Amino acid sequence: MKILEVRGVNKRFGGLQALNDVNLSVEDGGVHAIIGPNGAGKSTLLNCFVGRLTPDSGSVTFNGQSLLGIKPHEINQAGVSRVFQTPEIFTDLTVLENVMIPALAHRDGAFRLNPMRRLRDEGIIRQKAIDVLEDIGLEESLDMVAASMYRGDKRRLEMAMGLVQDPKLLLLDEPTAGMSRADTNNTIDVLRHISDTRGITMVIIEHDMHVVFSLADRISVLAQGGVIAEDVPGNIKGNPKVQEAYLGGAH
Amino acid sequence: MTSASKTNDTALFLFFIFMVIAGPILLAPIGASYPDLLQKFAIFGIFAIGFNILFGLTGYLSFGHAAFLGVGSYAAVWMFKLLSYNVLPALVLSVVVAGLFSVVIGYISLRRSGIYFSILTLAFAQMMFNIAYSVATPITNGETGLQIYNDDPQWLQGADSPLTTNLFGLKMNDVFWRPEYLGFEAQFNVGYYFCAIFLIIAFYVALRINRSPFGMMLRAIKTNQNRLNYTGISTRPYTLAAFVISGMYAGLAGGLWACMDPLAGAERMQWTASGEVVLMTILGGAGTMLGPVLGAGFIKYFEAIFSKINDQVLHSVFSFMPEGADNFIVAIVHPFVGKGWHLTLGLLFMVIVIFLPGGLIGGLTRLGRLFRRGQSDSAGRR
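Reading guide: rules and limits
- Residues numbered from 1 in each chain as written.
- Chains lettered and ligands numbered in written order.
- Predicted model: local features only at pLDDT ≥ 70, side-chain atom pairs only at ≥ 80, totals over all residues.
- Helix = DSSP H or I, 4+ residues; strand = E, 2+ residues; numbered from the N terminus.
- Rg over C-alpha atoms; globule rule 2.2 N^0.38 Å.
- Buried ≥ 20, exposed ≤ 12 C-beta atoms within 10 Å, placed from the backbone.
- Contact = placed C-beta atoms within 7 Å.
- Expected span 1.5 Å × (residues − 1).
- Nonpolar A, V, L, I, M, F, W, Y, C, P; charged D, E, K, R; others polar.
- pLDDT = per-residue confidence, 0-100.
- Pairing = 2+ DSSP bridges.
- Axes fitted to C-alpha atoms, helices over the stretch in contact; angles between N-to-C directions.
- Domains from an automatic or database assignment.
- Parallel < 35°, antiparallel > 145°, perpendicular 65-115°, else oblique.
- Left-handed = near helix turned anticlockwise from the far one by under 90°.

Turning next to the overall build of chain A. Each helix and strand counted, chain A has nine helices and 10 strands in total. Taken over the C-alpha trace, chain A has a radius of gyration of 18 Å; the compact-globule value for 251 residues is 18 Å, and the two agree within 12%. Overall size of chain A, expressed as C-alpha extent along the three principal axes, is 60 × 40 × 35 Å. Expressed as a percentage of its 251 residues, the buried residues of chain A come to 45%. Contacts in chain A between residues at least 24 apart in sequence constitute 67% of all its contacts with a sequence separation of at least 6.

The next thing to look at is the overall build of chain B. A count of helical and extended segments in chain B gives 16 helices and eight strands. Taking 21 Å as the expected radius of gyration for a compact globule of 382 residues, we find that chain B reaches 22 Å, a close match to that expectation. Considering only C-alpha atoms, chain B reaches an extent of 75 × 70 × 40 Å along its principal axes. For chain B, the residues scored as buried account for 46% of the 382 residues in total. Long-range pairs, those at least 24 residues apart, make up 75% of the contacts in chain B with a sequence separation of at least 6.

With that settled, the discussion passes to helix α6 (residues 114-133) of chain B. Along an α-helix, residues three or four apart share an orientation, since each turn contains 3.6 residues. All names here are of chain B. For α6, built from 20 residues, the straight-helix expectation of 28 Å at 1.5 Å per residue is met to within 8% by its first-to-last C-alpha distance of 29 Å. Considered for burial, the residues of α6 that qualify are F117, L120, T121, F124, A125, M128, F129 and A132. Residues of α6 that are buried sit in contact with α4 (66-82), α5 (87-109), α7 (137-140) and α11 (271-284).

Between chain A and chain B, the contact holds 29 residues from the first and 25 residues from the second. Elements with a minimum of two residues in the side of chain A that touches chain B: α2 (72-78) and α3 (95-108) of chain A. Sort the elements by how many residues they give to the side of chain A that touches chain B and α3 of chain A lands first, with six residues. Taken together, the residues of the side of chain A that touches chain B sort by class into 15 nonpolar, six polar and eight charged.

Here we come to the confidence of the model for chain B. Detailed reading of the predicted model is not advised wherever pLDDT is low. Across chain B, the average pLDDT comes to 91, with 97% of residues at or above 70. Among the scores for the predicted complex, ipTM is 0.92 and pTM is 0.93.

Turning our eyes to something else, we now look at the sheet that holds strand β1 (residues 2-13) of chain A. All names here are of chain A. As summarised here, the arrangement of the four strands in space is β2-β1-β4-β5, forming an open sheet in which the pairing is antiparallel. This sheet does not close on itself; its edge strands, each paired only once, are β2 (16-27) and β5 (65-66). Relative to strand β4 (residues 57-62), β1 is paired through five bridges, and the arrangement is antiparallel. Looking across to β4, one finds that V6 is bridged to V60.

A few words on the sheet that holds strand β9 (residues 218-223) of chain A. Residues and elements named next belong to chain A. If you trace the six strands from one edge of the open sheet to the other, you get β6-β7-β8-β3-β9-β10, paired in mixed fashion. Looking along the sheet, the strands with just one partner apiece sit at the ends: β6 (80-83) and β10 (226-231). Going from strand to strand, the sheet's axes swing by 20° on average, the running direction of each strand aside. Both β6 and strand β7 (residues 169-173) contribute to a ladder of four bridges, which runs parallel. If you follow S81 over to β7, its bridge partner there is L170.

Turning our eyes to something else, we now look at the domain arrangement of chain B. Residue and element names in this part refer to chain B. Entries for chain B in the domain assignment read domain 1 (19-288) and domain 2 (309-382). On a C-alpha basis, the centroid separation for the pair domain 1 and domain 2 is 28 Å. Counting residues at the interface gives seven residues for domain 1, matched by eight residues for domain 2. Among the residues making up the side of domain 1 that touches domain 2, the classes are represented as four nonpolar, three polar and no charged.

All right, on to the packing of α11 of chain B against helix α12 (residues 291-308) of chain B then. Residues and elements named next belong to chain B. Contact pair α11 / α12: the axes reach a minimum separation of 7 Å and the direction vectors enclose 120°. In terms of orientation, α11 lies oblique with respect to α12. α12 is crossed by α11, and the crossing has right-handed handedness. Contacts from E276, L279, M280, T281, L283 and G284 of α11 reach α12 at G291, P292, V293, L294, G295, A296, F298 and I299. In terms of residue class, the contact of α11 with α12 is made up of nine nonpolar, four polar and one charged.

This is the structure we're talking about:
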């Protein structure tokens, strides 16, 4: 079954055709990687999924529901969570609070007026957040203010914020950029484990081929705003079009 | 959230109750124990606590909150005119009317954030000030201000109930105890304690909001509103709720002010009054629990002190100086006192913002930390 369907998406920024008739379908379950050289339009495409950008034409459907023209919080409430390329976290809040917020949004919906409810009575939400933080290896820093974390830890925190919502679809924009080799390997293990055990479908944009080939079940290659190949990892490496895009574009 | 912070909150709340109840005694040595000033402390304390729910938590800086205080006052005086001198209906209407106004103004202003939001609120408040001053004269009595006349209907006013604001006969301006100690006189006044009850409730509600999931969302809005949208939260209703709650606090403050002194004038809605509550909150420490109340007390106290000083007082203070020199000193000090006390306030504000980021509470916290570190150092040496 297809969880995400992208049909004929175009996006133009002035004279630049950032996305050119993009077609893409993501199967339910597993990890789908989108790779491509710099400027291929990967982040632009992801932005079209979460309501940050609206395509000029084409359609994006998630579980049969169009994602175009609805607000970012509605897309999230429908079951699509996103992890950003540069860590977007609540820097003034603690690590635990950072993860409790998406967990509360998942349980309570987009708005709940509960000014007299005690946060410390939210035992289940709190435990859920702690569990995810343990999965991702941040259980030591629950009460740390997020601003004071290392960059790699901030990225992992953001992943925890996405995972705690039990999304149907998790979008990850270069989740390991800026991480040490050890953290990268750890992150691969965590994502693999979560994909296997919780059945969360992931779409991952990545430069690091080690990460891509360790995680992806399917790969789409984007070049100059268009999808030039979509296949299982084993066939992508030998695809002449892909080699052309990566090597040919380099000189 | 942890059990430690639970006991901390209880301790903080008990400390607050104690300070408020013991206010008249504690403030007597600095000459602040008289009804008018004590009532101002409580009223502006409520105003600032409410303002802090919006500004301290969400970071939205409203420059028009005095408008809600003003409509609160007008609503209360109208209740006195139409019903009776009983303060309860007056307060209810103050809060309701201020709430309605803040829904409308908040709904429109919150379509923008940052400086544009501030400008929108300022524009609304100035508009309301001008309307109250001119067009709405039948409701506001224009520049004379709204007051109670003998021929007002007062349908529910009992034949033998007092002809001044009261709570079922308990007169607000009564001073029921004037103890003297160490040569200072403390005045225990009904009005102050009436306001104090609301101040304590206002503080308690603000504390609960701060520690609620709702309050956490507001803090998240201040930090990264955009991220919150991608987290599945619709931020607009949250900011509007915070705006309306703080508007109702302002209405309550305005209503209480009218209960202490049954008058309402348009000047209460002027932008300087809106600016004052911003100063109070920042001066005391925005986002902290005690800061806004402390800032309100600080400003109202110095207003009372400095605005009372005139040239005569100055001459008597500097009379020990040689002839001529005292005139010179008085001429220099003159612009900073009396009607010019805002100049002093401005200077104080600058000093605090530059040297104490985090306001008075921020400064006290740092002092406390220094002190504790000093203690543990000396303990370590021993």
